[in-house]
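Observations on the three-dimensional arrangement
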Amino acid sequence: MPLLFQIKNGKSLQKFALDKDRTTIGRNLENNIVVNLSGVSRVHAEILREEGAFRIRDLNSTRGMSINGEDAAERVLQDNDRIQLGEALFYFASSEEVLNIADQKSEHSCFREEYLNSVFIKIDDSARTDKRWIEEVLQQTIDEMFSVHEITRAITSVLNLDQVLAMVMDRLFEFIGAQRGFIVLEDEDGKLVPRVVRDMELTDESGLRISHTIVKKVLESGSPFLSTDAKSDTRVKDTESVIAFQIRTVMCVPLKVRDKSIGAVYLENDANITHFSKKNLAFLNMLANQAAIAIENARVYEKLERAHRELIETQAHLIQSGKMAAIGQMASAIAHELNNPLAAVYGFLQLIESGIAEGQVDMLALKNYVEISL
């Protein structure tokens, strides 16, 4: 029998048999499938049985409907079609055996869920049950999520790359409490270049030690890295930088744009400083996703600015070249105009010189020639 599966976090929560000619989906209790989630309308969609096939149709809902990531008003359903109605996600299958759930969660959504889960795990694992403490934990979580929103809004409003990078690092130190850190970006040749560095113990940031080992590991894998004790972590304990710099608690996340890593954010603390947690890593990754977009926007803006300056310089050069060409043409014309009378004068002088040499100078002819020449 054809079935509709409601999915959350890549797992099937509930299945519904499509055994009627018309099955409605929505928030109202009168619907055959009741879904009380954000973005779902009172009567959002219907599924019609038509000669063995099943057609889903949007019923003028507020948020609309998408099938396999594409907006659709109606569609004949096929096995494993992914149906999104607001925040509700369903899969269609002609039988349970053919169901193949693909995890379509974005990386950002995964880390958001991990971040929130870490909060509830903290509450569940704690022996404290007093309401005031739980409220404080939840309020802290709300404040941190609001901070992500505020930081995102701030960095996306700036188009100067250096300002964006400095702003990101300052906010990370403020909210996570790192002791050292840096942001590296790939240049046009693919080389990693430190663009902003911070060390709370150094007055001269140019002396900051930079470990490329963990950064390269993150960029190659495309996955975040967290270690609460790098010296004993089998993944990195034998690397030169960890040994040389005595690195202890560290986390690093890639900066990604369209699934391509353009750089990384690296934060580090000494052993006597509070260790980073999975919650810190999730917070860092959420912010890094937004920062990567802001960084890419700033880079594009810089390229456009540079191209605009080059265009103006080229235009000025062409104008100057045109002016010089015009001056050259004018000088040539003047030289031509001057050449004619000068040739006449030169010829006249040659005649005088010849007459003097022969002792035969006709003064009347000389006077007439001068008048003609002038």
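The notes below deal with the structure included here. Note that the structure is a prediction, hence the values are computed from the model and not measured. (Residues numbered from 1 in each chain as written. Predicted model: local features only at pLDDT ≥ 70, side-chain atom pairs only at ≥ 80, totals over all residues. Heavy atoms only, no water.)

Along the backbone of the protein there are 7 helices and 16 strands. For the protein, the proportion of its 374 residues judged to be buried stands at 37%. Accessible surface, the protein: about 22400 Å² in total, of which carbon and sulfur atoms supply 51%. (Helix = DSSP H or I, 4+ residues; strand = E, 2+ residues; numbered from the N terminus. Buried < 20%, exposed > 50% of the residue type's maximum accessible area, 1.4 Å probe, protein only. Areas by Shrake-Rupley, 256 points an atom, 1.4 Å probe, with all protein chains shown as cover.)

Strand order in the open sheet formed by 5 strands is 13-12-16-15-14, with antiparallel pairing between adjacent strands. Sheet topology places strand 13 (192–199) and strand 14 (225–227) at the edges, where each strand pairs with a single neighbour. Between one strand axis and the next, the sheet turns through 15° on average, direction left out of account. In the sheet, strand 14 pairs with strand 15 (residues 249–257) via 3 bridges, with the strands oriented antiparallel. (Pairing = 2+ DSSP bridges. Axes fitted to C-alpha atoms, helices over the stretch in contact; angles between N-to-C directions.)

What follows covers the packing of aromatic side chains. According to the stated counting rule, one finds 2 aromatic pairs in the structure shown. Here phenylalanine 54 and phenylalanine 92 contribute two aromatic rings whose centre-to-centre distance is 6.0 Å and whose plane-to-plane angle is 45°, an arrangement assigned as tilted. Highlighted residues: phenylalanine 54 in strand 6 (residues 53–58) and phenylalanine 92 in strand 11 (residues 88–93), separated in sequence by 38 residues. Like phenylalanine 92, phenylalanine 54 is buried. Ring geometry for phenylalanine 182 against tyrosine 266: centres 4.6 Å apart, planes inclined by 15°, an arrangement best described as stacked. (Phe/Tyr/Trp six-rings, centres within 6.5 Å; stacked < 30°, edge-to-face > 60°.)

Counted residue by residue, strand 16 (residues 260–269) has 9 buried out of 10 residues, so it is predominantly covered. Sheet topology places strand 12 (residues 180–186) next to strand 16; 6 bridges connect them, and they run antiparallel. Looking at strand 16, one finds that arginine 180 is bridged to glutamate 268. For strand 15 and strand 16, the ladder comprises 9 bridges, and the chain directions are antiparallel. Each residue of the ladder has a partner; that of valine 253, found in strand 16, is valine 265. The loop that links strand 15 with its antiparallel partner strand 16 comprises 2 residues; one of these, arginine 258, has a positive phi angle of about 50°.

The phi torsion at asparagine 60 lies on the positive side, around 55°, for a residue other than glycine. Turning to its location among the elements, asparagine 60 is positioned in the loop between strand 6 and strand 7 (65–67). For asparagine 60, a relative accessible area of 76% corresponds to the exposed category. Despite not being glycine, asparagine 80 has its phi angle at roughly 65°, a positive value. Along the chain, the position of asparagine 80 falls in the loop between strand 9 (74–76) and strand 10 (81–85).

This brings us to the environment of alanine 93. Along the chain, the position of alanine 93 falls in strand 11. Assessed through its relative accessible area of 0%, alanine 93 is described here as buried. Residues within four places of alanine 93 in sequence aside, it is in contact with Met1, Pro2, Leu3, Phe5, Asp79, Asn80, Val98 and Leu99. (Contact = heavy atoms within 4.5 Å.)

This part covers the nonpolar core. Counting residues in hydrophobic clusters, the biggest one holds 37 residues, and the most contacted among them are Ile183, Leu255 and Leu267. Where this core is concerned, the elements lending two or more residues are helix 2 (131–155), helix 3 (161–176), strand 12, strand 15, strand 16 and helix 6 (278–358). Considering every element that reaches this core, the biggest residue donor is helix 6, with 11 residues. Grouped together as the second largest cluster of nonpolar side chains are 20 residues, Val35, Ile47, Phe54 and Ile56 included. (Core = buried A, V, L, I, M, F, W, Y, C linked by side-chain atoms within 4.5 Å.)

Between its first and last C-alpha, helix 3 extends 22 Å over 16 residues, near the 22 Å set by a 1.5 Å rise per residue. Listed in full, the buried residues belonging to helix 3 are Leu161, Val164, Leu165, Met167, Val168, Met169, Leu172, Phe173 and Ile176. Taking the backbone nitrogen of aspartate 162 as reference, a side-chain oxygen 3.2 Å away marks asparagine 160 as the first, capping residue of helix 3. Positive backbone phi, approximately 80°, marks glycine 177, located one or two places after helix 3. (Expected span 1.5 Å × (residues − 1). Polar contact = N/O pair within 3.5 Å; in protein donor to acceptor, adjacent residues only side chain to side chain.)

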